[in-house]
Amino acid sequence: MIRRIITAALSLSLITGAAMSVMRCDTAIAADVVSYSNSSVYNEKVLEMRKHFLNRDKEFSIEFPSEIYSGFDDLRLVISDAVTENGNPVGGDYLKKNCGSMKYTSYTGIDSTVVKMSVNYYTTAEQESELSEKIGDITTSLDFGGGSDYEKTKAIYDYIKNNVAYADSFDDELIFTAYGAGVNGFAVCQGYSLLLYRMLMEAGINCRILPGTAAGGSHLWNMAEIDGIYYLMDVTFDSTVGAKENLFFLRGTEDFDEFRPDAAHEFDVSSYEDIPLYYEYTRGSDFLSRFDISPTAYDPDSPPVLKANMYGDANCDGVVEIADATLILQYLTNKDEYSLSARGRLNADVIGNDGVTANDALVIQQVDAGIYTVDDLPLNE
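Here the structure is a predicted model, which is why all the values come from computation and not from measurement. Each chain carries its own residue numbering, running from 1 in the direction its sequence is written. In keeping with the model being predicted, local features are shown solely for residues with a pLDDT of at least 70 and side-chain atom pairs are shown and tallied solely at 80 or more, while totals for entire chains, interfaces and linings include all residues. For the side-chain quantities, the full set of heavy atoms in the structure was used; hydrogens and water were omitted.

Colleague: Sorry if this is basic, but what is going on with the environment of aspartate 360 here?
Modeller: Within the secondary structure layout, aspartate 360 lies in helix α13 (residues 358-368). Exposure is judged per residue with a 1.4 Å probe applied to protein chains only, and the accessible area is read against the type maximum: over 50% gives exposed, under 20% gives buried, and values in between give partly exposed. Under the relative-accessibility criterion, aspartate 360 is labelled buried at 0%. Once residues lying within four places of it in the same chain are set aside, the contact partners of aspartate 360 are Ile328, Ala348, Asp349, Val350, Ile351, Asp354 and Gly355. Each helix is a run of H or I in the DSSP string that is no shorter than four residues. Each strand is a run of E no shorter than two, and both are numbered from the N terminus. Pairs of residues are marked as contacts when any of their non-hydrogen atoms sit within 4.5 Å.

Structure below.
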């Protein structure tokens, strides 16, 4: 029987603001910040926030120029961008789930606002360092060699499945962490999914953590990108269900729950609506629609052949617009901070057969201006 899976309540804590009498209270709105989001100053503040999170700094302050800060909505954008996916195994979703409750106090002067942050974390910098060493030892023992992404994913998945036990006691918060799973060998779904995320990302395989419900309770599971397409995984279930074969490994949207329909996974981000750490889930288009998720399980004997599904749609949100051109230019300027999925790179090559270049962004801008239509793309075909 699959046991009821729970997640840490602290990971869902709302950020709270202790507003001072001098707190800015003008007519600027969050949309104003978006126009500054590509500025060097804005990006500096995002990186500064991220550095504090990665260092596990519990108390810190960040000074914002007044033109890019006008209150909580603006702070929410900065926090969200600080924990966005950027290919760092200890960033993105991993960082989101290692930050607990937050509080902030803001002090506004004539030209700037100082935001003082207080953050609780599930692990210390020392524990993360110990976990890194442990993961290095595990990876060495698995000996990936020249293995494919599928083979690496299966080796990591099987290791976690066979070496982590579901926690019987909830007295220790470490069961909600990759440290609890990888070092102590005990975890709940959050710890399982964090360890899988961390190890796959270390192996160069894109992975995400998905929140929702399953088996009658709150739950977390993963999806990973193999051959340019995402597949669903639940190592917690496979670790506890007791079956010899993996039942929840690299499955599709249509067959993920075929072996246990009574414990079906339901993706749900409604509880994250007002939490800055998870603003990525609720801002813009439907979160899952941004990914190419296979409807059926991965077949290692017949891997998929990825093709563009909408030329110009670089961010894979189903619409060709200026945002796609912007993302291409950001990606070309700083690939460490801005990424294109495998499908996104194919969609972005609107000129055709020359890879992603600034000229592709220009053509998309021309589509937006009506010079070309989506049906004209790719231009060289």
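The discussion continues.
Colleague: Teacher, can you tell me more about the nonpolar core here?
Modeller: A general tendency of soluble globular proteins is for nonpolar side chains to be buried together. Definition of nonpolar core: a set of buried residues of the types Ala, Val, Leu, Ile, Met, Phe, Trp, Tyr and Cys, connected through side-chain atoms within 4.5 Å. Among the nonpolar cores identified, the biggest contains 91 residues, and Met49, Phe53, Leu75, Met117, Ile160 and Leu195 are the most heavily contacted of them. Element by element, the count of residues in this core is highest for helix α8 (residues 189-202), at 9 residues. Grouped together as the second largest cluster of nonpolar side chains are 15 residues, Ala314, Ala325, Leu340 and Ile351 included.

Colleague: Help me understand the side chain of asparagine 222, please; the structure alone is not making it clear to me.
Modeller: By secondary structure assignment, the location of asparagine 222 is in strand β8 (residues 217-226). Under this definition, polar contacts are N or O atom pairs within 3.5 Å; protein pairs additionally need one hydrogen-donor-capable and one acceptor-capable atom, and for neighbouring residues in sequence, both atoms have to be side-chain atoms. Separated by 3.1 Å, the side chain of asparagine 222 and the backbone oxygen of serine 193 make a polar contact. Those residues within four positions of asparagine 222 in sequence are excluded, and the remaining contacts are Ser193, Leu196, Tyr197, Cys207, Arg208, Ile209, Tyr231, Leu232 and Met233.

Colleague: Would you mind going over unusual backbone geometry with me for this structure?
Modeller: At the junction of leucine 377 and proline 378, the peptide bond is cis and its omega measures out at -5° in the coordinates. Within the element layout of this structure, proline 378 appears in the segment after α13. Residue aspartate 143 is not a glycine yet carries a positive backbone phi of 50°. Note on placement: aspartate 143 falls in the loop between α5 (125-142) and α6 (149-163). Owing to a relative accessible area of 60%, aspartate 143 belongs among the exposed residues under this scheme.

Colleague: Hey, could you run me through α6 in this one?
Modeller: One less than the residue count of a helix, multiplied by 1.5 Å, gives the span that helix is expected to have. Between its terminal C-alpha atoms α6 stretches 21 Å, which fits the 21 Å expected from 15 residues at 1.5 Å a residue. Within the sequence span of α6, burial applies to Tyr150, Lys152, Thr153, Ile156, Tyr157, Asp158, Tyr159, Ile160 and Lys161. Looking at the packing, one finds that the buried side of α6 touches α5, α8, β8, β9 (229-233) and α9 (235-241).

Colleague: Where do I start with the pattern of salt bridges in this structure?
Modeller: The working definition used for a salt bridge is a side-chain nitrogen of Lys or Arg within 4 Å of a carboxyl oxygen of Asp or Glu. By the definition in use, this model includes 14 salt bridges. Put simply, aspartate 93 and lysine 96 hold a salt bridge, and the shortest N to O gap is 3.2 Å. Of the two residues, aspartate 93 and lysine 96 both sit in helix α4 (residues 92-98), 3 residues apart, roughly one turn of that helix. Looking at aspartate 93, the relative accessible area reads 1%, which means it is buried. Note on lysine 96: relative accessible area 1%, which makes it buried.

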